[in-house]
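A structural walkthrough
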Amino acid sequence: MSSPARPPSDPPVALPPAGRAALRAGVVGNRIDNVHVFLPLTALAPVIARLAGPAAATGTGAVIVIAMLLGRPVGGLVLGPVSGRLGRTRTTRPAIGGTASCALLIGCMPTHRVLGAGAIVLVLVLRFLGGDPAGHGVVGPGSPRSHAV
């Protein structure tokens, strides 16, 4: 038995330069976002006991990632409309700076010997705040300005 004949498909449509740039930026942004989500978990895992103390639970790393993930919708609600009004490029640069600043502060964080339980609380707060600027694009892609591409 032979397979039914398939109609010829339409040739692919080439994206305009602005569309290619948007696609490229989206792919790069997605990769950076994946690093932002998962690298802290793998980087903090070996030092959690030193940072949070020997009594730190094994799930502390997961809680740190969850804190960042909870900050993202807040960033989408707060910064998404700003991103829609001012444009993604103008809001992405400060958002990356805010996220990087939070990561730098986490890297400079004193251990539990200095701050006690406050060390892990500060890491959680900084991850939440670091997730907030990262979420600026959550609402942004639905804005009218993004449909101009």
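So, here is what we can say about the structure in this document. (Residues numbered from 1 in each chain as written. Predicted model: local features only at pLDDT ≥ 70, side-chain atom pairs only at ≥ 80, totals over all residues. Heavy atoms only, no water.)

Owing to its 3.6 residues per turn, the α-helix brings residues three or four apart onto one side. Across its 27 residues, helix α3 (residues 60–86) extends 37 Å between first and last C-alpha, which sits within 8% of the 39 Å expected from 1.5 Å per residue. Helix geometry: α3 is bent most strongly at L79, by close to 45 degrees, with proline P81 lying one to four residues after it. Just downstream of α3 lies G87, where phi reads positive at about 105 degrees. (Helix = DSSP H or I, 4+ residues; strand = E, 2+ residues; numbered from the N terminus. Expected span 1.5 Å × (residues − 1). Bend = angle between axes of the 7 residues up to and from the residue.)

So, on to a nonpolar patch on the surface. Together, L15, L23 and V27 give the surface a local cluster of nonpolar side chains, amounting to about 260 Å² of exposed area. Within the element layout of this structure, L23 appears in helix α1 (residues 17–44). (Patch = residues over 30% accessible without salt bridge, like charges linked within 9 Å, V, L, I, M, F, W, Y side chains within 5 Å. Areas by Shrake-Rupley, 256 points an atom, 1.4 Å probe, with all protein chains shown as cover. Salt bridge = Lys/Arg side-chain N within 4 Å of Asp/Glu carboxyl O.)

Bringing the packing of α1 against α3 into the picture now. Between two packed helices, both the angle of their axes relative to each other and the distance between the axes serve to describe the pair. Where α1 contacts α3, the axes come no closer than 8 Å and their chain directions differ by 155 degrees. Between α1 and α3, the angle is such that the two are roughly antiparallel. Pair α1 / α3 crosses with right-handed handedness. For the pair α1 and α3, contact is made by D33, H36, V37, L41 and L44 and by G61, A62, I64, V65, M68, L69 and R72, respectively. Residue composition of the contact of α1 with α3, grouped by class: eight nonpolar, two polar and two charged. (Axes fitted to C-alpha atoms, helices over the stretch in contact; angles between N-to-C directions. Parallel < 35°, antiparallel > 145°, perpendicular 65-115°, else oblique. Left-handed = near helix turned anticlockwise from the far one by under 90°. Contact = heavy atoms within 4.5 Å. Nonpolar A, V, L, I, M, F, W, Y, C, P; charged D, E, K, R; others polar.)

Considering the arrangement of structural elements, one finds L122 in helix α6 (residues 118–134). The sequence separation of L122 and M109 amounts to 13 residues, and the corresponding C-alpha distance is 8.2 Å. Residues in contact with L122, not counting those within four places in the same chain, are M109 and L115.

Counting residues in each nonpolar core, the largest one holds ten residues, listed as L44, I48, L51, I64, C102, I106, M109, I120, V123 and L126. When contributions to this core are tallied by element, the ones reaching two or more residues are α2 (48–52), α4 (88–107) and α6. Top element by residues in this core is α6. It accounts for three residues. Non-local contacts of L44, meaning those with residues more than four positions away in its chain, are made with L51, I64 and V123. (Core = buried A, V, L, I, M, F, W, Y, C linked by side-chain atoms within 4.5 Å. Buried < 20%, exposed > 50% of the residue type's maximum accessible area, 1.4 Å probe, protein only.)

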